[in-house]
Amino acid sequence: MIPIVYADKEEDQIIKKISGSDEVKRHLENLGFTVGASVSVINSLGGNIIVKVKESRIAINEDLARRIFV
């Protein structure tokens, strides 16, 4: 299990764990990041990670991305 920031680009991954406070977990869940969901890293720019989740592209900061384990 590794944080999504270290995952290979353009490769489908399955979310195995989300860490952080309940508020952070709820925020990520509202964005579509749930355990068992398929995600892939599209790009990494200036401390932000662009991730494809549920057919949407979402930009999150590196701090949040480090809480998503694949």
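This structure is a prediction, so every number in the text was calculated from the model and none was measured.

Visitor: Sorry, what's going on with the overall build of the protein here?
Guide: Within the protein, the secondary structure is distributed over 2 helices and 6 strands. Counting from the amino terminus, the protein carries its helices and strands in the arrangement β-β-α-β-β-β-α-β. On C-alpha atoms alone, the protein measures out to a radius of gyration of 11 Å, which is about the 11 Å that the 2.2 N^0.38 rule sets for 70 residues. If one aligns the C-alpha atoms of the protein with their principal axes, the spans along those axes are about 30 × 25 × 25 Å. Expressed as a percentage of its 70 residues, the buried residues of the protein come to 37%. The contacts in the protein between residues at least 6 apart in sequence include a share of 53% that link residues at least 24 apart. Surface summary for the protein: the accessible area is close to 4300 Å², and the carbon and sulfur share equals 45%. Averaging the positions of the 10 positive and the 10 negative side-chain charges in the protein gives two centres separated by 2 Å.

Visitor: Where do I start with unusual backbone geometry in this structure?
Guide: With the exception of glycine, most residues fall at negative phi, and the peptide bonds are largely trans. A positive phi angle, near 60°, is found at Glu10, a position not held by glycine. Classification of Glu10 by relative accessible area gives exposed; the value is 57%. The phi angle at Glu55 is positive, at roughly 60°, despite the residue not being glycine. Note that Glu55 resides in the loop between β4 (48-53) and β5 (56-61). The class of Glu55 is exposed, set by a relative accessible area of 70%.

Visitor: Before we go on, may I ask you to explain the pairing of β4 in this structure?
Guide: The two faces of the sheet receive side chains in turn, since in a regular strand these alternate between them. Residues Ile49, Val51 and Val53 point to one face of β4 and are all buried, whereas Asn48, Ile50 and Lys52, pointing to the other face, are not buried. As judged from the 6 bridges shared by strand β3 (residues 38-45) and β4, these two strands associate in the antiparallel manner. Along β4, the bridge assignment pairs Val39 with Val53. Taking the residues between adjacent antiparallel strands as the criterion, β3 and β4 are bridged by 2 residues, where Gly46 takes a positive phi near 50°. Taken together, the 6 bridges between β4 and β5 define a ladder with antiparallel strand orientation. By the bridge assignment, Asn48 is partnered in β5 with Asn61.

The rules behind these values
Residues numbered from 1 in each chain as written. Predicted model: local features only at pLDDT ≥ 70, side-chain atom pairs only at ≥ 80, totals over all residues. Heavy atoms only, no water. Helix = DSSP H or I, 4+ residues; strand = E, 2+ residues; numbered from the N terminus. Rg over C-alpha atoms; globule rule 2.2 N^0.38 Å. Buried < 20%, exposed > 50% of the residue type's maximum accessible area, 1.4 Å probe, protein only. Contact = heavy atoms within 4.5 Å. Areas by Shrake-Rupley, 256 points an atom, 1.4 Å probe, with all protein chains shown as cover. Lys, Arg positive; Asp, Glu negative; His and termini not counted. Charge placed at Lys NZ, Arg CZ, Asp CG, Glu CD. Pairing = 2+ DSSP bridges.

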